[in-house]
Every structure is written in C-alpha cells, then in structure tokens.
Amino acid sequence: KQEVTQIPAALSVPEGENLVLNCSFTDSAIYNLQWFRQDPGKGLTSLLLIQSSQREQTSGRLNASLDKSSGRSTLYIAASQPGDSATYLCAVGHQAGTALIFGKGTTLSVSS
Amino acid sequence: GAGVSQTPSNKVTEKGKYVELRCDPISGHTALYWYRQSLGQGPEFLIYFQGTGAADDSGLPNDRFFAVRPEGSVSTLKIQRTERGDSAVYLCASSLSLAGGEQFFGPGTRLTVL
C-alpha cells in the first residue's frame, strides 16, 4: 500500500530564505506526482505536476524534482515571502487517472 | 465557471440526518473525484467518476455514502444517517481526462454533524 510522508511537519523561516520541502513515497511505481498549496480553511491549489518520466518542473520561484527510484520528491522555494505561508501537500498518482494519495503536508510560516 | 465549485460551503446537521453535497467541475473535465479531509490530515480518496460511471468507489467508508453523476457533469455526494465521525471537509476535484491529468480542486464543503 502506497504511503506518502512529508518532513518536516512544520517549518518557520525568515523572509528571503530559500527552502526545501521533502516528500517520500513507499512504492516507486507511480504515474505522476503533484504538489499543492492549501491556505487555512480553503481548498487545494495545484502548484506543479510531474509525470513519472520527468525529473523536474519549474514555475516561477518554485521547482519540484522527482527521483522515482529513491521514492523522493522535493519542492524548492526560492526567496521566500510572507505570502508563501501555507500548508504544502504532496500527492502521488499510482496509475493513470486514479485518485491521488496524499501526505499530511508541511505547514510553512515565512516571517517578515 | 472558471474553477471547480462546491455547495454548500458549510453544512451543519444533526446526527442521523441525510445530507447532499454538490460539486460542479470545470467545464469539459470528464474525470471527477471526491476526497475527505480531516483536521491535520491530507485528503483521503472516496470515489471517482469517468463520465457518468463510478470508475472506483473503493474509498467510500460504508454503505451510508453514495455518489452520483447522472449527466457526466455535476456530481452529488449523499450521506445517509450521518454520524459525528462524518464531520470533515469534503473536497471535489476534476481533471481533463483519466490519462494522468492535473487535478483541480474546489473550495470544499465543511460538514459538521452535531
């Protein structure tokens, strides 16, 4: 059974720092991996989708990498801002179109 | 609309009552997913549809939960004889196809069973 783990559970950094959020999964036979952002009391906003054949995806200050063989993905946030404060969730798709399996998330706080 | 919409945004009900939660996916998206999120946890899969049919309902916790998508667009999640343990945020997502498409989520319905 696929399990997704996100470490750390919470992270506090000063504005301007570069940071890395970690995601690990137990079954490397994934189809894709998606990173989301969730603000308190809100739904999920998709940040990046990485297909199993890809190694990384970039969007603005965000870069997500995928290492299937080791069961790991990282989300790199450059030059963090207070507006980046939120919970970041990692989710894997095991087969095409199947439901995503989520980690519990990392709650990020960026102080000004 | 531009994104996935869900109604109501909040629902408070009494134990034993019946509730319906609605999801309106992004226009043209054929795949629709229901998840449930408890406090401090990631979303957990309930059911997903491709078109009008349920492709996988293995995440539904018991037979009190049922979902339909009669015309392949709007979906309704139905919960009978609600229990306090059903209290959670119910999230809906849609994607363009089942072929590994990016999932887009709605704002969720917060269900509270008293």
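Residues numbered from 1 in each chain as written. Chains lettered and ligands numbered in written order. Predicted model: local features only at pLDDT ≥ 70, side-chain atom pairs only at ≥ 80, totals over all residues. Heavy atoms only, no water.

**Quick notes on the overall build of chain B**
Inference 1: Of the regular secondary structure elements, chain B holds zero helices and 11 strands.
Inference 2: The linear arrangement of helices and strands in chain B, starting from the amino end, is β-β-β-β-β-β-β-β-β-β-β.
Inference 3: Taken against the 2.2 N^0.38 rule, which gives 13 Å for 114 residues, the C-alpha radius of gyration of chain B at 13 Å falls within 12% of a compact globule.
Inference 4: Counting only C-alpha atoms and orienting by the principal axes, one finds that chain B spans roughly 40 × 25 × 25 Å.
Inference 5: Buried positions account for 44% of the 114 residues belonging to chain B.
Inference 6: Sequence separation of at least 24 residues holds for 54% of the intrachain contacts in chain B that already meet a minimum separation of 6.
Inference 7: A total accessible area of about 5400 Å² is found for chain B, and carbon and sulfur atoms account for 49% of it. (Helix = DSSP H or I, 4+ residues; strand = E, 2+ residues; numbered from the N terminus. Rg over C-alpha atoms; globule rule 2.2 N^0.38 Å. Buried < 20%, exposed > 50% of the residue type's maximum accessible area, 1.4 Å probe, protein only. Contact = heavy atoms within 4.5 Å. Areas by Shrake-Rupley, 256 points an atom, 1.4 Å probe, with all protein chains shown as cover.)

**Focus on the state of the cysteines**
Residues and elements named next belong to chain B.
Inference 1: On inspection of all chains with the given rule, the structure shows two disulfides over all chains.
Inference 2: With a sulfur-sulfur separation of 1.8 Å, Cys 23 is cross-linked through a disulfide to Cys 92. In this structure, the disulfide formed by Cys 23 and Cys 92 twists by about -65 degrees around the S-S bond and is classed as left-handed. Of this pair, Cys 23 sits in strand S3 (residues 19-24) while Cys 92 sits in strand S9 (residues 88-95), and the two are 69 residues apart along the sequence.
Inference 3: Under the relative-accessibility criterion, Cys 23 is labelled buried at 0%. (Disulfide = S-S within 2.5 Å.)

**Re the interface of chain B and chain A**
Inference 1: Taken together, the contacts link 20 residues of chain B with 21 residues of chain A.
Inference 2: Between chain B and chain A lies a buried interface of about 1500 Å² when both sides are counted; carbon and sulfur atoms form 53% of it.
Inference 3: Linking chain B with chain A are zero salt bridges.
Inference 4: If you look at where chain B meets chain A, you find four residue pairs in polar contact (both at pLDDT 80 or more).
Inference 5: Elements with a minimum of two residues in the side of chain B that touches chain A: strand S4 (31-37) and strand S5 (44-50) of chain B. (Buried area = accessible area lost by both parts, 1.4 Å probe. Salt bridge = Lys/Arg side-chain N within 4 Å of Asp/Glu carboxyl O. Polar contact = N/O pair within 3.5 Å; in protein donor to acceptor, adjacent residues only side chain to side chain.)

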